[in-house]
Amino acid sequence: MPEYEFVDVYVPRGVSRKETTRLLTDHAEYGHWELERLSLLRDGSRRVRLRRRIIRQLRATW
């Protein structure tokens, strides 16, 4: 079963949709994050939860 690490990003309401898209695209492209959940809050701000898979290397036995 894959393991994931998570990061929560808060985007204030003054940030445009286009800027938010660019921010999330940068996280995905350079940090290998993927979108898990996006919540639009009542005040217009966004709460975004990103995840990426943790790859563990197994110890080689000789």
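The rules behind each value
- Residues numbered from 1 in each chain as written.
- Predicted model: local features only at pLDDT ≥ 70, side-chain atom pairs only at ≥ 80, totals over all residues.
- Heavy atoms only, no water.
- Salt bridge = Lys/Arg side-chain N within 4 Å of Asp/Glu carboxyl O.
- Helix = DSSP H or I, 4+ residues; strand = E, 2+ residues; numbered from the N terminus.
- Pairing = 2+ DSSP bridges.
- Axes fitted to C-alpha atoms, helices over the stretch in contact; angles between N-to-C directions.
- Contact = heavy atoms within 4.5 Å.

S.K.: In this structure, what is going on with the pattern of salt bridges? I would like to understand it.
M.R.: Opposite charge on two side chains allows them to pair when their charged atoms are near. A complete count under the given rule lists five salt bridges for this structure. Asp-8 is the partner of Arg-49 in a salt bridge, and the nearest nitrogen-oxygen pair spans 3.7 Å. Highlighted residues: Arg-49 in strand 3 (residues 46–54) and Asp-8 in strand 1 (residues 3–11), separated in sequence by 41 residues. Each member of the salt-bridge network shares a partner with another, and the members are Asp-8, Glu-36 and Arg-49.

S.K.: Could you clarify how one ought to interpret the pairing of strand 3 in this entry?
M.R.: Taken residue by residue, a regular strand's side chains alternate between the two faces of the sheet. Where strand 1 and strand 3 come together, nine bridges link them in antiparallel fashion. The partner of Val-11 across the bridge, within strand 3, is Arg-46. The sheet contact formed by strand 2 (residues 34–40) and strand 3 spans six bridges and is antiparallel. Across the sheet, Leu-38 pairs through a bridge with Val-48, a residue of strand 3. In this structure, the hairpin formed by strand 2 and strand 3 is closed by a connection of five residues, where Gly-44 is found at a positive phi of approximately 95 degrees.

S.K.: Could you clarify how one ought to interpret the sheet that holds strand 2 in this entry?
M.R.: Sheet strands pair by backbone hydrogen bonding; their relative direction is either parallel or antiparallel. Taken together, the three strands give an open sheet; going across it, the order is 1-3-2, and neighbouring strands pair in antiparallel fashion. The open sheet has two free edges, formed respectively by strand 1 and strand 2, since each of these has just one partner strand. Strand-to-strand, the axes of this sheet are offset by a mean angle of 20 degrees, without reference to chain direction. Where helix 1 (residues 17–31) meets the sheet, it contacts strand 1, strand 2 and strand 3, and its direction lies at approximately 10 degrees from that of strand 3.

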